[in-house]
Amino acid sequence: MISPSTLYIVATPIGNLRDISLRALDILAAVDVVAAEDTRTTARLLPHYSIAKKMMALHQHNERAMAEKVVNFLAEGKSIALVTDAGTPGISDPGSALVSLVRDQGYKVTPIPGANAAICALSASGITMPHFLFYGFLPVNSGPRKRELEALKSLPHTLVFYEAPHRILDCVADLVEVLGMHRQLIIARELTKLFE
C-alpha cells in the first residue's frame, strides 16, 4: 500500500473529523512517521481513528531544519506523512519547502487529496463566475494589503482569500475601498463545524 522512501502529502479535515478520506487514514496508519504542523492538533485526529504513530513537529518556524531530518528518514527507507492542522499541506500552510527539498533529493512525493477550505467555501457561495483566483492570505497591515488588492483589482475572476477572524473587519474595509462596493462578498467561517 505504501512505498518506502516516500513523502505523502496528506490532507486532513478542515473541521469535521469525518471529512477525511479512507486513503488518508490508510496512509496515516501505514507510514513510519507523521510530520505535523502542530502535534497537539494531530494528536486529537489520529486517536479518533485508533492510529498511534510517531510524530515530529514541522511548522513555519522549523520547516527548513526539519526538512533535512525528513530527507534523512527517507534515505533510511522510511515513509513519512506530512499533515497540517487543517486542509492540505503547502497551501497557505507549511510544506512547500519540504516538498521542494524532497523532490530535489530525488525522493517520491505522493499527494493524498481531501478537504480544502477555499473550494468548500466557493462551492457553497452561489457565485456563478467559472474562474477564480485563490490568493491565500493578504498582508496583515492595511497599506501593503491595499497595494496587493490594487494589483488584483482588474482581474476578471472571483478572488478567494484567507483571513484571520480578528482582522476580518479591517480586511473587508480595505476590500470595499480598493475593489468597490459593487462586488459580491461571501464570508465563510467554521466550515464543516457545528457553527458553520
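Residues numbered from 1 in each chain as written. Predicted model: local features only at pLDDT ≥ 70, side-chain atom pairs only at ≥ 80, totals over all residues. Heavy atoms only, no water.

1. Here we look at the packing of helix 3 (residues 63-75) against helix 4 (residues 96-104)
Cut-off, in case you're wondering: The angle between two axes is taken between their N-to-C directions and runs from 0 to 180 degrees, where each axis is a line fitted to C-alpha atoms and a helix contributes only its stretch in contact. Comment: elements are numbered from the N terminus, with helices defined as DSSP H or I runs of at least four residues and strands as E runs of at least two. An angle below 35 degrees is treated as roughly parallel, one above 145 as roughly antiparallel, one from 65 to 115 as roughly perpendicular, and anything else as oblique. Each crossing gets its handedness from the near helix: less than a right angle anticlockwise from the far helix is left-handed, clockwise is right-handed. Contacts between residues were defined by any pair of non-hydrogen atoms, one from each residue, lying within 4.5 Å. Three residue categories are used. Nonpolar comprises Ala, Val, Leu, Ile, Met, Phe, Trp, Tyr, Cys and Pro, charged comprises Asp, Glu, Lys and Arg, and polar comprises the others, including Gly.
As a packed pair, helix 3 and helix 4 sit with axes 9 Å apart at the nearest point and diverge in direction by 40 degrees. Between helix 3 and helix 4, the angle is such that the two are oblique. At the point where helix 3 passes helix 4, the crossing takes the right-handed sense. Every residue of helix 4 that contacts helix 3 at E63, R64, A67, E68, V70, V71 and L74 is listed here: S96, A97, L98, L101 and V102. Among the residues forming the contact of helix 3 with helix 4, the class breakdown is 8 nonpolar, 1 polar and 3 charged.

2. Considering unusual backbone geometry
Let me state the cut-off plainly: Relative accessibility under 20% of the residue-type maximum defines a buried residue, over 50% an exposed one, and the middle range a partly exposed one, all with a 1.4 Å probe and only protein chains included.
Its identity as a non-glycine residue notwithstanding, S92 has a phi of 60 degrees, on the positive side. Looking at the secondary structure, you find S92 in the loop between strand 4 (80-83) and helix 4. If you check the backbone angles, T192 has positive phi at about 70 degrees while not being a glycine. As for its placement among the helices and strands, T192 is situated in the segment after helix 7 (168-179). T192 gets classed as buried once you look at its relative accessible area, which sits at 19%.

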